[in-house]
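Residue-level structure breakdown
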Amino acid sequence: MVTCDLNSLVRLLPALLSGVVGLDAVIINTPHYPVNGSLGQSVCLPVDIHPIRKNAEITWKFTGTNPQTTIARFDVGENKSKIFEGNQFEGRVTLHKNLTLQLDGVTERDEGIYKVIVTGSGDQEGSVSLHVYKPVSIPTVMNIISSSSTESCNVTLNCSTERGDHVVYMWAQIGPGDHIEQLSENTQHLELSLRMSDPISYRCTVSNPVSEQTTIFKVEFCFQQKTESVEMNIYIIISIIIIIIIIIIIVTYIVYRINLRRKSRCDKIEGPTPLDQRHTAAPNNYGNDDRPAESQTIYAVVQRPAGM
């Protein structure tokens, strides 16, 4: 939030006088430098007036329109301020007790010269210049590798921001121990020749009179590019080996199933042999108790008598 109080007048130099008429002349101090406003934010237009007579009126006007737009007025005698309506500033103006003019929600149309006029015993005036800028967005850094080897690589870093005007670019190197070394000014591109074993961070800062944003980019892609290539080759080899093993398992299973089916078919075609049929036991027509007794053979030796 913007605070428009007497502290904002510290930067007003006493030497910046709009005019002196006699010992009792009204002195209007306004900044001779432009006041910078951020698009969509609030901005204060400071002024220092002394002495302020009891019958004086202080009026703020904008000269960027034709005719000039009266924005606000303060009547010292009545101790009363008035904000004028029906213009581009309606609903966005505050006139503070120190007579500083505050504009809220600044637009590009608000850029221009503002007059502060003191009326009473003679009119005197001062002016304030307002510049409006679009704030910058967080920058992004892209890299382009022009050449690389096992020892070093040549890289171009490109810093850009999507939003902002009157942008200034700054590059810095962040070394060991967060040591910062400024490299270049107001250039989007940074050309580097780096060693593969020495990654360093680089900082890109974008700024304009009302804003500043920073991005830190760590240069590791030269080394990572080769490491990722080796890792990718390892993954490819492992994948091929796994695929070959799976194919072997599938082929082995198919061959086993085919041989098993062939053996089953051969057993069905051959059937029992004739010899097996001859030795097939005859059916038993007897009960367990009526089975005939087994026959027994008796051998006898007959000798012929002598002399026969």
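These numbers come from a predicted model, not from an experiment.

So, the sheet that holds strand 14 (residues 168-174)
One open sheet holds the four strands; their spatial order is 15-14-17-18, and the pairing between them is antiparallel. The open sheet has two edge strands, strand 15 (180-185) and strand 18 (211-218), and neither has a second partner. Averaged over all adjacent pairs, the angle separating strand axes in this sheet is 25°, with direction ignored. In the sheet, strand 14 pairs with strand 17 (residues 201-208) via seven bridges, with the strands oriented antiparallel. In the sheet register, Trp171 faces strand 17, and the bridge partner there is Cys204.

Examining the state of the cysteines
In the structure shown here, the tally under the stated rule is one disulfide. There is a disulfide in this structure between Cys159 and Cys204, and the S-S distance comes to 1.9 Å. On the S-S bond that ties Cys159 to Cys204, the torsion sits near -90°, and the link is left-handed. Taken as a pair, Cys159 in strand 13 (residues 152-160) and Cys204 in strand 17 lie far apart in primary sequence, 45 residues in all. We classify Cys204 as buried; its relative accessible area is 0%.

Here we look at the environment of Val76
The topology assignment puts Val76 in the loop between strand 6 (69-75) and strand 7 (80-83). Residue classification places Val76 among the buried residues on the basis of a relative accessible area of 18%. With 19 residues separating them in the primary sequence, Val76 and Glu57 have C-alpha atoms 6.0 Å apart. Beyond its immediate sequence surroundings of up to four residues, Val76 is in contact with Ile52, Arg53, Lys54, Ala56 and Ile58.

Side note on the sheet that holds strand 9 (residues 101-103)
Adjacent strands of a sheet pair through backbone hydrogen bonds, lying either parallel or antiparallel. Spatial strand order, 3-9-8: three strands in an open sheet with antiparallel pairing. One side of each edge strand has no neighbouring strand; the edge strands of this open sheet are strand 3 (43-45) and strand 8 (93-95). Across the sheet, the mean angle from the axis of one strand to that of its neighbour is 20°, orientation sign disregarded. In this structure, strand 8 lies alongside strand 9, joined through three bridges in antiparallel fashion. Paired with Thr94 across the strands is Gln102, a residue of strand 9.

Quick word on the side chain of Gln102
Relative to the helices and strands, Gln102 resides in strand 9. Residue classification places Gln102 among the buried positions, given a relative accessible area of 9%. Within polar-contact distance, the side chain of Gln102 engages the side chain of His96 at 2.8 Å. Only 2.8 Å separates the side chain of Gln102 from the side chain of Asp104, close enough to count as a polar contact.

Concerning the pattern of salt bridges
Should the charged atoms of two oppositely charged side chains come close, the side chains can pair. Here the structure, examined in full by the defined rule, presents three salt bridges. For the salt bridge of Arg92 with Asp110, the shortest nitrogen-to-oxygen distance reads 2.9 Å. Placement of the pair is Arg92 in the loop between strand 7 and strand 8 and Asp110 in the loop between strand 9 and strand 10 (112-119), with a sequence separation of 18 residues. For Arg92, a relative accessible area of 15% puts it in the buried group. The salt bridge partner of Glu108 is Lys134, with a shortest N-O separation of 3.9 Å. One end of the pair, Glu108, is in the loop between strand 9 and strand 10; the other, Lys134, is in the loop between strand 11 (124-133) and strand 12 (140-148), and 26 residues separate them in sequence. A residue is classified by how much of its surface remains accessible, and Lys134, at 34% relative accessible area, is partly exposed.

Rules and cut-offs
Throughout, residues of each chain are indexed from 1 in the direction in which the sequence is written. Thresholds applied to this predicted model are a pLDDT of at least 70 for local features of residues and 80 or more for the giving and counting of side-chain atom pairs; totals over whole chains, interfaces and linings are not thresholded and use all residues. To obtain the side-chain values, all non-hydrogen atoms of the structure were used and water was disregarded. Should DSSP find at least two bridges between two strands, the strands are regarded as paired. Working definition: helices are DSSP H or I runs of at least four residues, strands are E runs of at least two. Numbering for both runs from the N terminus. All axes are obtained by fitting lines to C-alpha atoms, using only the stretch in contact for helices, and the reported angles, taken between N-to-C directions, cover 0 to 180 degrees. Count a disulfide wherever a pair of cysteine sulfur atoms falls within 2.5 Å. A 1.4 Å probe rolled over the protein chains alone gives each residue an accessible area, and that area as a share of the maximum for its type sets the label: buried under 20%, exposed over 50%, partly exposed in between. In this description, contact between two residues means that some pair of their heavy atoms is separated by no more than 4.5 Å. As used in this structure description, the phrase polar contact means that two N or O atoms lie within 3.5 Å; if the pair is within protein, one of them must be able to donate a hydrogen and the other to accept it, and residues adjacent in sequence are counted only when both atoms belong to side chains. Here a salt bridge means any side-chain nitrogen of Lys or Arg lying within 4 Å of a carboxyl oxygen belonging to Asp or Glu.

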